[in-house]
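Structural overview for review
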Amino acid sequence: MRFDGKVALVTGGSRGIGRHIALAFAERGAVVAVHYHANQKAAQTTLAMLEGDGHIIVRADIADAAQVGEMVDQVIEHMGRIDILVNNAGIYEERLLSDASYEEWGEHFARTLQVNLVGAANASYLAARHMIAAGGGRIINISSRGAFRGEPTAPAYGASKAGLNSLGQSLAKLLAPCNIFVGTVAPGFVETDMVAEHLASPDSDEIRTQSPLGRVAKPEEVAYVALFLASEGAEFTTGAIVDVNGASYLRS
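Residues numbered from 1 in each chain as written. Predicted model: local features only at pLDDT ≥ 70, side-chain atom pairs only at ≥ 80, totals over all residues. Heavy atoms only, no water.

1. Describing the sheet that holds strand β7 (residues 241–244)
Read from one edge to the other, the open sheet built from seven strands follows the order β3-β2-β1-β4-β5-β6-β7, with strand pairing classed as parallel. Taken across any chain shown, the strands that pair with only one partner, and hence form the sheet edges, are β3 (56–59) and β7. Averaged over all pairs of adjacent strands, the angle between strand axes in this sheet comes to 20°, irrespective of strand direction. Here strand β1 (residues 7–10) runs beside strand β4 (residues 84–87); their pairing, made up of three bridges, is parallel. Pairing of leucine 9 across the sheet is with leucine 85, part of β4. Seen against the sheet, helix α3 (residues 65–79) touches β1, β2 (31–36) and β3 and runs at an angle of roughly 160° to β3. Along the sheet face, helix α9 (residues 219–230) touches β4, β5 (137–142), β6 (180–187) and β7 and points at about 165° away from the line of β6. (Pairing = 2+ DSSP bridges. Helix = DSSP H or I, 4+ residues; strand = E, 2+ residues; numbered from the N terminus. Axes fitted to C-alpha atoms, helices over the stretch in contact; angles between N-to-C directions. Contact = heavy atoms within 4.5 Å.)

Here's what the structure looks like:
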């Protein structure tokens with residue numbers, strides 16, 4: 001899986017899964033634009049870790065449509081094109097229906113959906129328009145096991161990821177004639193900052209034993225699947241949602 005001469009934009013690329021996706025693409029020859037929202041220091045750390053030259057960092061609030069547009073324009077201006085878009089940026093918030101006020105419930109859904117689903121849809125729209133003119137490309141969405149099993153304490157998160165799955169499948173059907181292929185990765189728990197608190201809690205053993213492997217995923221394992229879906233030769237997987245959860249949740 002080589003990406004020499006390709007340009008990859010990785011949203012939420014400053015830490016966690018996004019950082020490892022950026023590292024993996026750069027290691028295999030791609031030039032990478034690392035998106036971040038607020039943590040410029042982390043983005044610069046990721047940038048310094050990337051193999052090769054020409055990589056950049058770009059800032060945007062993915063929930064803001066205008067800023068997403070500026071981000072895509074900046075990448076194209078500096079790099080000339082976007083061959084691969086990885087929609088990885090996302091937020092996770094817990095909110096119990098029984099404890100939240102109606103106002104808090106609405107804010108919870110609006111905030112989560114705007115980042116996790118609408119932001120990804122806007123980035124996909126802008127990148128795909130460019131890819132159509134350029135003759136093709138790849139869009140990879142990072143979803144979640146929660147889209148299938150449900151997230152009772154984080155219902156907006158589960159709903160946003162289910163929507164992201166559907167978005168990816170719709171775009172796969174729409175964009176295949178344009179030589180643009182869309183894949184989705186659906187991890188379970190992954191060793192990242194986002195879940196560090198859970199993995200350090202009294203529930204940590206229960207979380208790890210959800211998988212018969214007795215552990216959670218490493219971010220490198222999620223990155224590897226993203227690389228495969230974006231690679232030459234994987235075109236006929238377009239529309240697929242690939243589970244990376246160590247058999248902790250099986251569906252058929």
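2. Focus: the pattern of salt bridges
Scanning the entire structure with this criterion turns up nine salt bridges. The partner of glutamate 27 in a salt bridge is arginine 28, with the nearest N and O atoms 3.8 Å apart. Residue glutamate 151 pairs with arginine 149 through a salt bridge whose shortest N-O separation is 3.7 Å. The class for glutamate 151 is buried, based on a relative accessible area of 14%. Connected via shared salt-bridge partners are Arg138, Glu232 and Glu235. (Salt bridge = Lys/Arg side-chain N within 4 Å of Asp/Glu carboxyl O. Buried < 20%, exposed > 50% of the residue type's maximum accessible area, 1.4 Å probe, protein only.)

3. A look at the nonpolar core
Core analysis: the biggest nonpolar cluster contains 32 residues, and Ile21, Phe25, Val32, Val86, Ile140 and Val185 have the highest contact counts within it. Where this core is concerned, the elements lending two or more residues are β1, α1 (16–27), β2, β4, β5 and α9. Setting aside chain neighbours within four positions, we find valine 86 in contact with Leu9, Val10, Thr11, Ile21, Phe25, Ile140 and Ile142. Of all hydrophobic cores here, the second largest spans 28 residues; its members include Val7, Ile62, Val75 and Ala123. (Core = buried A, V, L, I, M, F, W, Y, C linked by side-chain atoms within 4.5 Å.)

4. What to know about the confidence of the model for the protein
With 100% of its residues at a pLDDT of at least 70, the protein reaches an overall mean of 97. Taken element by element, the protein is modelled with least confidence in helix α7 (residues 196–199), mean pLDDT 80, and with most confidence in β4, mean pLDDT 99. (pLDDT = per-residue confidence, 0-100.)

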